[in-house]
Amino acid sequence: NIAIPLEEKLMWQVATHHVVLIKLDEGSIVGFGAHVNHILTEKHLLDNNIKFRSMILPDKFLDQDKPEEMYKEAGLDAKSIEAKVLETLNSKVLIKKTN
């Protein structure tokens, strides 16, 4: 698959030049998001200062509506994305390593 090396290169560039990576997916918890997480983990890119968050469709039925209303209900509208970015940028969670 030609896309795999391109995705790895892109993930490397994003993870080494940015402090936050938000992955949006109109799918479920598996799939592209799992692939991105795998690349970041295997290349030890999550060991540095990158904050990785994933936004996916919720595991619930969404009633048919206008697309903008469905994105809002799913938490994937512009306001929700902005809130996730700001929440992630302001995250100060530190986990102390134990020996």
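Residues numbered from 1 in each chain as written. Predicted model: local features only at pLDDT ≥ 70, side-chain atom pairs only at ≥ 80, totals over all residues. Heavy atoms only, no water.

Quick look at the overall build of the protein now. Broken down by element type, the protein carries four helices and two strands. Counting helices and strands in the order they occur from the N terminus, the protein gives α-β-α-β-α-α. Out of the 99 residues in the protein, the part that is buried amounts to 22%. When contacts within the protein are restricted to residue pairs at least 6 apart in sequence, those whose partners lie at least 24 apart make up 68%. On the protein, roughly 7,800 Å² of surface is accessible, and the fraction owed to carbon and sulfur atoms is 57%. (Helix = DSSP H or I, 4+ residues; strand = E, 2+ residues; numbered from the N terminus. Buried < 20%, exposed > 50% of the residue type's maximum accessible area, 1.4 Å probe, protein only. Contact = heavy atoms within 4.5 Å. Areas by Shrake-Rupley, 256 points an atom, 1.4 Å probe, with all protein chains shown as cover.)

Moving on to the pattern of salt bridges. In this structure the tally under the stated criterion is three salt bridges. Between E73 and K60 there is a salt bridge, with its nearest N and O atoms 2.8 Å apart. A residue pair is termed long-range when its members are at least 10 positions apart, and E73 in helix 3 (residues 67-74) and K60 in the loop between strand 2 (51-56) and helix 3 qualify at 13 residues. Close ionic contact of K84 with E87 constitutes a salt bridge, the shortest N to O distance being 3.9 Å. Placement of the pair is K84 and E87 together in helix 4 (residues 78-89), with a separation of three residues, close to one helical turn. Taking relative accessible area as the criterion, K84 reaches 22% and is therefore assigned partly exposed. Judged by relative accessible area, E87 falls into the partly exposed class, the value being 49%. (Salt bridge = Lys/Arg side-chain N within 4 Å of Asp/Glu carboxyl O.)

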